[in-house]
Amino acid sequence: MPRSGNETSCLFGPVNSRRLGRSLGIDLVKFKTCTLNCVFCECGRTTQLSVERQVFIPAEKVLKELDTFLTSADTLAAQRAPEVLTFSGGGEPTLAANLGEIIAALKANYPQYKLCLLTNSTLLSDSQVRAEIKPVDIIIPSLNAVSAAAFQKINRPAAGITPEKILSGLLDLRREYTGQLLLEIFIVPEINDTPQELVLLREAAALLQPDGVQLNSLDRKGTEDWVQPVSAENMSKITEFFKDFNTNFYLKH
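Residues numbered from 1 in each chain as written. Predicted model: local features only at pLDDT ≥ 70, side-chain atom pairs only at ≥ 80, totals over all residues. Heavy atoms only, no water.

Trainee: Please clarify how helix α3 (residues 99–109) should be interpreted in this entry.
Mentor: It helps to recall that an α-helix has 3.6 residues per turn; residues three or four apart then point in one direction. Within α3, the full set of buried residues consists of Leu-99, Gly-100, Ile-102, Ile-103, Ala-105 and Leu-106. Those residues of α3 hidden inside the fold are in contact with β2 (21–26), α1 (59–70), β5 (84–87), β6 (114–119) and α4 (127–133). (Buried < 20%, exposed > 50% of the residue type's maximum accessible area, 1.4 Å probe, protein only. Helix = DSSP H or I, 4+ residues; strand = E, 2+ residues; numbered from the N terminus. Contact = heavy atoms within 4.5 Å.)

Right, here's the structure in full:
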């Protein structure tokens, strides 16, 4: 689980992720700062809705904590050693202005670990952000809706963020990035699981041509009580709808 507002560590886990294997989470953003206030977020309501990049935790502190963890005898034991270091947590990782610095340091000092970034895609229209994240081995960006109405209902964005801008940033990333790109779509029943919304999402995936599509549904309690998991029957149909994109279904982790 991502750290809460009372925790001082920027690391969480390692956890056994169905998507990534044994993953050590790195949370660089102050809880709960994000560009979106998604109705399904397991971390709760966004308290600081912002698009401003800043340093929340000094790089020196992050790297010292990672050094301590990754060089300890306990960590190196087979049962605890992470397979991937994942930038994620209680907010949007690309809001951290020192993200690129930390990625570069990890690539230089710990090349044996894969790096993964989970992002809501809202800052990918920024060329500086795209340049910083290019060294990451796996990027899992999300796109939950293409229509403005569904996007507002699900993601409740900061001012200036639109699905058009997100898709444009995703396409720019696809052209520039050489690592593994896995598109994540979170399904919210009765909002983005309608035939019209699914067609728009499939058309966006066809433009993006990701290495895979990951469909997610509610697992733990979301921000809003009315958000419900997708039924197994409906998720099976949706997965078939995206069958051309190496699609997998995962509960939200």
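That was the structure; now back to the text.
Trainee: Before we go on, may I ask you to explain the packing of aromatic side chains in this structure?
Mentor: The description of two aromatic rings rests on the distance between their centres and on the angle between their planes. Going through the model one piece at a time under the given rule, you end up with three aromatic pairs. Ring centres of Phe-40 and Phe-186 lie 3.8 Å apart, and the angle between their planes is 10 degrees; on these two criteria the pair is classed as stacked. With Phe-40 in the loop between β3 (33–34) and β4 (48–49) and Phe-186 in strand β8 (residues 180–186), this residue pair connects regions lying 146 residues apart in the sequence. When its relative accessible area of 1% is taken as the criterion, Phe-186 is described as buried. Ring geometry for Phe-241 and Phe-242: centres 5.6 Å apart, planes at 75 degrees, overall edge-to-face. With relative accessibility at 0%, the residue Phe-242 sits in the buried group. Its guanidinium or amino end placed over the ring of Phe-241, Arg-202 lies 3.8 Å from that ring's centre, counting from NZ or CZ. (Phe/Tyr/Trp six-rings, centres within 6.5 Å; stacked < 30°, edge-to-face > 60°. Lys NZ or Arg CZ within 6 Å of the ring centre and 35° of its normal.)

Trainee: What's the story with the packing of helix α6 (residues 163–176) against helix α7 (residues 195–208) in this structure? I'm lost.
Mentor: Two quantities define a packed helix pair, namely the angle between the helix axes and the distance between the axes. Contact geometry of α6 with α7 gives a least axis separation of 9 Å together with a crossing angle of 25 degrees. The orientation of α6 with respect to α7, classified from their angle, is roughly parallel. Taken together, the residues of α7 that come into contact with α6 (itself represented by Leu-167, Leu-170, Leu-171 and Arg-174) are Ala-204, Leu-207 and Leu-208. Among the residues making up the contact of α6 with α7, the classes are represented as six nonpolar, no polar and one charged. (Axes fitted to C-alpha atoms, helices over the stretch in contact; angles between N-to-C directions. Parallel < 35°, antiparallel > 145°, perpendicular 65-115°, else oblique. Nonpolar A, V, L, I, M, F, W, Y, C, P; charged D, E, K, R; others polar.)

Trainee: Help me understand the pattern of salt bridges, please; the structure alone is not making it clear to me.
Mentor: For side chains of opposite charge, pairing can occur when their charged atoms come near one another. Tallied over the full model, the rule gives 13 salt bridges. Across the pair Arg-53 and Glu-132 runs a salt bridge whose closest N-O atoms are separated by 2.8 Å. With Arg-53 in the loop between β4 and α1 and Glu-132 in helix α4, this pair connects stretches of sequence that are 79 residues apart. Close ionic contact of Glu-240 with Lys-243 constitutes a salt bridge, the shortest N to O distance being 3.3 Å. What makes Lys-243 exposed here is its relative accessible area of 55%. Each member of the salt-bridge network shares a partner with another, and the members are Arg-130, Asp-172, Arg-175 and Glu-176. (Salt bridge = Lys/Arg side-chain N within 4 Å of Asp/Glu carboxyl O.)

Trainee: So what exactly am I meant to see when it comes to unusual backbone geometry here?
Mentor: For residues that are not glycine, phi is negative in most cases, and the peptide bond is trans in most cases. Geometrically, the link from Gly-13 to Pro-14 is a cis peptide bond, its omega value of 5 degrees lying close to zero. With respect to the helices, strands and loops of the structure, Pro-14 is situated in strand β1 (residues 11–17). Of note, the bond from Phe-31 into Lys-32 is cis; its omega dihedral lies within 30 degrees of zero at -5 degrees. Phi is positive for Ser-121, which is not a glycine, with a value near 75 degrees. Topologically, Ser-121 is positioned in the loop between β6 and α4. The buried category is assigned to Ser-121, whose relative accessible area is 1%. Despite not being glycine, Gln-209 shows a phi value in the positive range, around 50 degrees. Along the chain, Gln-209 falls in the loop between α7 and β9 (212–217). Using a relative accessible area of 48% as the deciding quantity, one classes Gln-209 as partly exposed.

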